[in-house]
Structures are given as C-alpha cells and as structure tokens.
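# Tertiary structure, described
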Amino acid sequence: MEYAIFGNTGEKLSRVGLGCFSMSGAYGAADDAESIATIHRAIDLGVTLLDTSASYGRGHNHQLIGKALKGGLRSKVFIHSKTGTIRADDGASVAQGSGTPDRLRQVCETSLGNLGIETLDAFCLSRVDPTVPIEETVGAMARLVEEGKTRFIALSEAAPGTLRRAVKVHPLVSLQYEYSLWTRDVESGHLAACDELGLGLMAYAPLGYGFLAGTVAGRDALEEGDTRHKFPRFSDRNAGANRERVAAIRKVADAHGATPAQVCIAWVLARGGNVFPIPGCKSRAHLEDNLKAMDVALTAEDLAALDAAFPPGAAAGDRYPPDGMARVNL
Ligand SMILES: NC(=O)c1ccc[n+]([C@@H]2O[C@H](COP(=O)([O-])OP(=O)(O)OC[C@H]3O[C@@H](n4cnc5c(N)ncnc54)[C@H](OP(=O)(O)O)[C@@H]3O)[C@@H](O)[C@H]2O)c1
C-alpha cells in the first residue's frame, strides 16, 4: 500500500480509500456479511481511509461500519463522513436547510450514534447550501471540532471560491469531488485551489459508477431501485457513445494485463500526490482488484491515449439529473 499526507492533517493515509456507498444498496442489493468482510480485508491490505455518509441507507452504512470496526479496528481507519443530502418525497435533492447549524449538529450526533464512536475523523458537508452563507455553515462545523465531535471538517462538490471563503473561518482538510476519466471538472480550478490551500482532493466515483470499469453497459443491466437509473450517462440515448470511449480503457488495460477498473484508478492516482481515489465496492473481489491499481504504471503514451479518448467534457450526458446538477460546484 502507498501512503501520503492527507490534506493538512499531517497524517499519512492510504492513497486508495474505500467508498462504502454501494454497501447500503445504492447500486443493487448488498450483503452485510460480505460488506463487513470487505471492510476487514481492506484494513488487512492497508486501507486506512473509509468514506461514508449519514444518508447512505439512512443510517445503515454507519451502523454497518460501526459493526465492522468493533473489536479494536476503529483506530486503524480515518472515517470521512458526509452530512448527506436532504431529499423531497419524489427523491429530488433539496438545497434548503442542508447547511444550517441545527441540521449539522443533528446529523453529526446521529452519525456518531450510528457508528458507535465518540469522534469522526472528518465531517464533510455533502453539498453547499445556497440559502446559508458558507461562513455560517463552516462556523457551525468548527464548533463541532471544538466540542470534539469531529477532528477535521471538509466540503464536497464546492466551488473554488467557496473553498477560499470557507478556510477563512476554519481550516478544511479536503475537498471531495467526482473525478474520473469522464468527469474532469476539477481540472478547471478545484485542483489548483486544493494545491493553494493545502487540501487533499478525494476523487469520488473514479470508476464512473461502474460504467468505466466496463461491467455496467447501460440501464438494462441495472436492478430495479438502482440509483444509476436516473443518471443521464447510463440512458439509452447516451450509453452507446460512452461505451465506445470505454473501449480505450480496455485497450490500455489489456496492454498491462490489468483490468479496466485498475486503469481508471491508476489514472486518478497519476493526477497528483494529493489526489486520493475512493473507489466504491461491496465485495472482496472488487476491492482486491482495485487495490492492484497501485501496481499499474501508466506510460506517457497510455495517458495520451486516455486523454484523447476522454477530453474534458466528452462524456455524453450530464453526470446527474437536473436537480443534482443544480447542487454541484456551488
Ligand atoms: N460526495 C458525493 O456526492 C459522492 C457521490 C457518490 C459517491 N461518493 C463516494 O465515493 C465512493 C465511490 O463512488 P461510487 O461507489 O459511487 O462509484 P465508483 O467507485 O465509480 O463505482 C462503484 C461501482 O463500480 C463497481 N466496481 C467496483 N470495483 C469494481 C471492479 N474492480 N470491477 C468492476 N466493477 C467494480 C461497484 O460494484 P460493487 O458495488 O458491486 O462492488 C459499483 O457498482 C462511494 O462509495 C462514496 O463513498 C460520494
């Protein structure tokens, strides 16, 4: 396992983290026993960074992680936990109220209770609330640090200008943002802001929600209730064009005797030492496959071929439906 200093924590964490979203049914049914075995295997293999959220499975994800870490494993991992999104009855993401001091305190305390721990390592705002000044939101998160409920605080999907305003109130440890071959938005200013402010960049969905790993060809392959049904890039209209680009990943993978998932993660790792991919999985097989990405040394020719297949903005379709797109980069 490779380790690097994570943001301004002064602590070294594994360069590849474990995203726990799919362990709570986001992408089809999950099996708790296998999910817990996956977390244990990750720790055995040196993973020290776990990503979760209060909204994953409405508390299930936290309870699952809490169960997995019983018996002395808590101190072996850095728990990065997000506030989660507020959803309307129709499932649409709601902006209003997600960054108020009252909600942040309530979410933080509920998260600690479900995880069965005293202190989070990082408490991360999932989406900036456009109805609350970021200074007020971050001020409320800073009070949770003072009270020992979290060691560090972070933002997700925040714009570079928001990061700069936020750090004037309290230091941030990292920015979590979607970053993969087909989502390169952070290259337009977020990565530079992270460098400038000393933040780590947690690259979420490095496998394009499984699409870039080549195992999900489109909506037909998804179970009922799978979150990806509403993602435009998986639609009948867009999946064909996106699949053609995935062929370039498979070509590079074949040349290395690697899997497409490993190439996707190796590409993110090659973006810089402060970029920490957090591929999500719910099985030991996928976990072990993903961690071998650190053995894949992409050449300049590989990177050029991948760049040619995935220039910024090339993916067909937005990454989220309209309500989701309205909540990012604020
Ligand atoms: N801040 C945010 O708004 C936000 C949004 C989304 C996600 N996240 C975080 O980022 C993490 C990663 O993102 P993600 O899980 O949404 O997407 P992802 O990592 O791009 O892809 C996950 C999907 O890829 C599949 N997969 C994993 N390893 C594979 C392999 N080696 N070969 C083939 N398929 C493989 C997984 O299947 P299995 O599950 O069956 O193993 C799952 O369906 C999440 O777990 C979550 O912690 C944050």
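One can find the structure itself at the top, above this paragraph.
Here we summarise the structure given alongside this text.

What counts, and where the lines are drawn
What you see as residue numbers is a count from 1 along each chain, following the sequence as written. It should be noted that, the model being predicted, local features are given only for residues of pLDDT at least 70 and side-chain atom pairs only at 80 or more, the latter also being counted only at that level, while totals for whole chains, interfaces and linings use all residues. Near, as applied to residues and a molecule or strand, means the residue's backbone-placed C-beta atom lies within 6 Å of it. Counting from the N terminus, the helices are DSSP H or I runs at least four residues long and the strands are E runs at least two residues long. Amino acids outside the nonpolar list (Ala, Val, Leu, Ile, Met, Phe, Trp, Tyr, Cys, Pro) and the charged list (Asp, Glu, Lys, Arg) are all regarded as polar, and Gly is one of them. The burial criterion counts other C-beta atoms lying within 10 Å of a residue's C-beta, which is placed from the backbone; the residue is buried at 20 or more, exposed at 12 or fewer, and partly exposed between these limits. Each nonpolar core comprises buried Ala, Val, Leu, Ile, Met, Phe, Trp, Tyr and Cys residues, the members being joined through C-beta atoms within 7 Å. Here, residues touch in the contact sense if the C-beta positions derived from the backbone fall within 7 Å of one another. Whether two strands pair depends on DSSP finding at least two bridges between them. To get an axis, fit a line to the C-alpha atoms, keeping to the stretch in contact for a helix; angles then go from 0 to 180 degrees between the N-to-C directions. Roughly parallel covers angles under 35 degrees, roughly antiparallel covers those over 145, roughly perpendicular covers 65 to 115, and oblique covers all other angles. Throughout, a crossing is termed right-handed when the near helix is turned clockwise from the far one, and left-handed when it is turned anticlockwise from it by less than a right angle.

## Re the site of the ligand
Not every one of the 31 residues close to the ligand is listed here, only the nearest: Gly19, Phe21, Ser22, Gly210 and Gly280. Of all the elements, helix H9 (residues 284–291) adds the most residues to the shell around the ligand, at 3 residues. For the shell around the ligand, a count of residues per class yields 13 nonpolar, 13 polar and 5 charged.

## Quick word on unusual backbone geometry
A positive phi angle, close to 55 degrees, is found at Glu157, a residue other than glycine. With respect to the helices and strands, Glu157 occurs in the loop between strand E9 (150–156) and helix H5 (160–166). Backbone geometry places Tyr209, a non-glycine residue, at a positive phi of 60 degrees. Within the secondary structure, Tyr209 is located in the loop between strand E11 (200–204) and helix H7 (236–256). Note on Tyr209: 26 C-beta atoms within 10 Å, which makes it buried.

## Focus: the nonpolar core
By size, the foremost hydrophobic cluster in this structure holds 98 residues, and its most contacted members are Leu155, Leu201 and Cys264. Top contributing element to this core by residue count: helix H8 (residues 260–269), with 8 residues. When neighbours within four sequence positions are excluded, Leu201 is seen to be in contact with Ser174, Leu175, Tyr177, Tyr179, Val186, Leu191, Cys194, Asn274 and Val275.

## Re the sheet that holds strand E10 (residues 174–178)
Judged by pairing direction, the sheet is parallel, and its 8 strands sit side by side in the order E3-E4-E5-E8-E9-E10-E11-E12 without closing on themselves. Two strands close off the open sheet at either side, each with one partner strand: strand E3 (18–19) and strand E12 (275–277).

## Details of the packing of helix H1 (residues 32–44) against helix H2 (residues 60–68)
H2 packs onto H1 with a crossing angle of 55 degrees between their chain directions and a minimal axis gap of 9 Å. Taken together, H1 and H2 sit at an angle that is classed as oblique. The chirality of how H1 crosses H2 is right-handed. Contacts between H1 and H2 involve Asp32, Ser35, Ile36, Ile39 and His40 from the former and Leu64, Ile65, Lys67 and Ala68 from the latter. Here the contact of H1 with H2 is built from residues that sort into 5 nonpolar, 2 polar and 2 charged.

## What about the environment of Arg319?
One can find Arg319 in the loop between helix H10 (300–309) and helix H11 (322–325). For Arg319, a count of 19 C-beta atoms within 10 Å translates into the label partly exposed. Once the C-alpha coordinates of Arg319 and Glu224 are considered, the two residues, 95 residues apart in sequence, prove to be 20 Å apart. Those residues within four positions of Arg319 in sequence are excluded, and the remaining contacts are Glu178, Thr183, Phe231 and Arg233.

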